[in-house]
Amino acid sequence: MISFNDYCRNTFGEKLYKISLNAGFSCPNRDGTKGSRGCIFCSEGGSGDFAQSLCVSVNEQIEQAKHQVADKYQGTRYIAYFQAFTNTYGEPERLRDIFLPVAERDDIAAIDIATRPDCLGEEVFEVLKEVQEKKPLIVELGLQTIHKKTINYIRRAYENQEYEEAIAELNGMGCHTVTHVILGLPGETKEDMVETVKYVVQHKSSGIKLQLLHVLKGTDLAEDYEAGKFEVLSLDAYMDILKACVAEIPEEMVVHRLTGDGPKKLLIAPLWSGDKKRVLNRINKEIWKK
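What comes next concerns the included structure.

**Remarks on the packing of aromatic side chains**
At step 1: Summed over all chains, the structure comprises nine aromatic pairs.
At step 2: Among the aromatic residues, those joined into a cluster by ring pairs are Phe4, Tyr7 and Phe12.
At step 3: Its guanidinium or amino end placed over the ring of Tyr81, Lys18 lies 4.6 Å from that ring's centre, counting from NZ or CZ.
At step 4: Its guanidinium or amino end placed over the ring of Tyr158, Arg156 lies 4.0 Å from that ring's centre, counting from NZ or CZ.

Quick look at the structure:
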């Protein structure tokens, strides 16, 4: 497997910093189309809690982020990561108005769009192709799990078949695809999680994000946790599951993430995940063998 930093160096010739952006999109699982409460684990920020403020334009968000990281990042190019909510859930012209100007910026090396497989129709694919003509394109799909009982519990609101169709179309375009998988979802065994990773590999996703389940304030998941309906993973249990999942990842697949840290102001559990240095040290020692 290939780390994200190695992917950037191999593809762009340098390490790149990813700027998380909020373009003001919604989600069919929030606006009443498929649901109104979102996925059970999703915070008010729509998985974009680290994105820049919606109060300013996307271009202004980029400039603010560049200023914020100037002390720790010495590069001159960035990945524009449209992270919050579902970033292809809108009219094609609106998508063009948002993505294409960013793709034309000299300081943006690639466009990274996080979305749902059920929000990728023919017209959206045409927009994505236009973006790809200007800059390398990364498209991230939130799969999370393949198991029907869990899908229903987390209120994902689309079928696995829709993921299969979306990933095939995106791969056919030649863009870099990334699939999100959550480890530690209530009721799932290690074998269930490994099965989801095998499925992602089978369907030829270019990359994968393995994300620890976080219980965040203000979510329906938090209510279930506080009611004692499930337990979160310990660090040791997470590392055990992670090793089993990584064993299924082929050498050519890019691993964009092996953990994740929820915003500390929102994090309820597991609290050990807030000690990012400790977690990354374990991962480097036991997974990457550094």
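**Concerning helix H4 (residues 122–134)**
In an α-helix, one turn spans 3.6 residues; hence positions three or four apart end up facing the same way.
At step 1: Spanning 13 residues, H4 covers 19 Å between terminal C-alpha atoms, matching the ideal 18 Å at 1.5 Å per step.
At step 2: Along its buried surface, H4 packs onto helix H3 (92–103), strand S4 (108–115), strand S5 (137–144) and helix H6 (160–173).

**Observations regarding the sheet that holds strand S1 (residues 2–3)**
At step 1: Ordered in space as S1-S9-S7-S6-S5-S4-S3-S2, the eight strands form an open sheet in which the pairing is parallel. Looking along the sheet, the strands with just one partner apiece sit at the ends: S1 and strand S2 (17–21).
At step 2: Bridging between strand S6 (residues 176–183) and strand S7 (residues 207–212) involves six bridges; their strand directions are parallel. Its bridge partner being in S7, Leu183 is matched across the sheet by Leu212.
At step 3: Packing of H4 onto the sheet brings it into contact with S4 and S5, and relative to S5 it is tilted by some 135°.
At step 4: Sitting on the sheet, H6 touches S5 and S6, and the angle it makes with S5 is about 165°.

**Some words on the environment of Lys264**
At step 1: Structurally, Lys264 can be placed in the loop between strand S9 (254–257) and strand S10 (267–269).
At step 2: Judged by its relative accessible area of 64%, Lys264 is exposed.
At step 3: Counting along the chain gives 236 residues from Lys264 to Pro28, while the straight-line C-alpha distance between them is 28 Å.
At step 4: From its side chain, Lys264 meets the backbone oxygen of Gly274 in a polar contact 3.4 Å long.

**Observations concerning a negative patch on the surface**
At step 1: A cluster of like negative charges, contributed by Glu91, Glu122, Glu123 and Glu169, occupies part of the molecular surface.
At step 2: For Glu123, a relative accessible area of 54% translates into the label exposed.

**Comments concerning the pairing of S9**
At step 1: Bridging between S1 and S9 involves two bridges; their strand directions are parallel. The residue of S9 that forms the bridge with Ser3 is Val255.
At step 2: Note: S7 against S9, three bridges, orientation parallel. The residue bridging Ile208 from the neighbouring strand is Val255, located in S9.

**Some thoughts on the nonpolar core**
Within soluble globular proteins, side chains that are nonpolar tend to cluster in buried spots.
At step 1: Ranked by internal contacts, the top residues of the largest apolar core, which has 77 residues, are Phe82, Ile111, Leu128 and Leu210.
At step 2: With seven residues, helix H9 (residues 235–246) is the single largest residue contributor to this core.
At step 3: Ranked by size, the runner-up nonpolar core spans 13 residues in total, among them Ile40, Leu213, Val215 and Phe230.

**Quick notes on the packing of H4 against H6**
Pairs of packed helices are described in terms of their axes, by the angle between the two and the distance that separates them.
At step 1: Between H4 and H6, the shortest axis-to-axis distance is 11 Å and the interhelical angle comes to 30°. Relative to H6, the element H4 lies roughly parallel. In terms of crossing hand, the pair formed by H4 and H6 is right-handed. Residues Phe125, Leu128, Lys129 and Gln132 of H4 touch H6, and the partners they reach there are Glu169, Leu170 and Met173.
At step 2: Considering only residue class, the contact of H4 with H6 consists of four nonpolar, one polar and two charged.

**Some thoughts on the packing of H3 against H4**
At step 1: Axis separation between H3 and H4 bottoms out at 10 Å; the angle between their running directions is 10°. The orientation of H3 relative to H4 falls into the category roughly parallel. Crossing of H3 against H4: the hand is right-handed. Contacts from Pro92, Leu95, Arg96, Phe99, Leu100 and Ala103 in H3 reach Glu123, Val124, Val127, Glu130, Val131 and Lys134 in H4.
At step 2: Counted by class, the contact of H3 with H4 contains eight nonpolar, no polar and four charged residues.

Rules used throughout
- Residues numbered from 1 in each chain as written.
- Predicted model: local features only at pLDDT ≥ 70, side-chain atom pairs only at ≥ 80, totals over all residues.
- Heavy atoms only, no water.
- Phe/Tyr/Trp six-rings, centres within 6.5 Å; stacked < 30°, edge-to-face > 60°.
- Lys NZ or Arg CZ within 6 Å of the ring centre and 35° of its normal.
- Helix = DSSP H or I, 4+ residues; strand = E, 2+ residues; numbered from the N terminus.
- Expected span 1.5 Å × (residues − 1).
- Contact = heavy atoms within 4.5 Å.
- Pairing = 2+ DSSP bridges.
- Axes fitted to C-alpha atoms, helices over the stretch in contact; angles between N-to-C directions.
- Buried < 20%, exposed > 50% of the residue type's maximum accessible area, 1.4 Å probe, protein only.
- Polar contact = N/O pair within 3.5 Å; in protein donor to acceptor, adjacent residues only side chain to side chain.
- Patch = residues over 30% accessible without salt bridge, like charges linked within 9 Å, V, L, I, M, F, W, Y side chains within 5 Å.
- Areas by Shrake-Rupley, 256 points an atom, 1.4 Å probe, with all protein chains shown as cover.
- Salt bridge = Lys/Arg side-chain N within 4 Å of Asp/Glu carboxyl O.
- Lys, Arg positive; Asp, Glu negative; His and termini not counted.
- Charge placed at Lys NZ, Arg CZ, Asp CG, Glu CD.
- Core = buried A, V, L, I, M, F, W, Y, C linked by side-chain atoms within 4.5 Å.
- Parallel < 35°, antiparallel > 145°, perpendicular 65-115°, else oblique.
- Left-handed = near helix turned anticlockwise from the far one by under 90°.
- Nonpolar A, V, L, I, M, F, W, Y, C, P; charged D, E, K, R; others polar.

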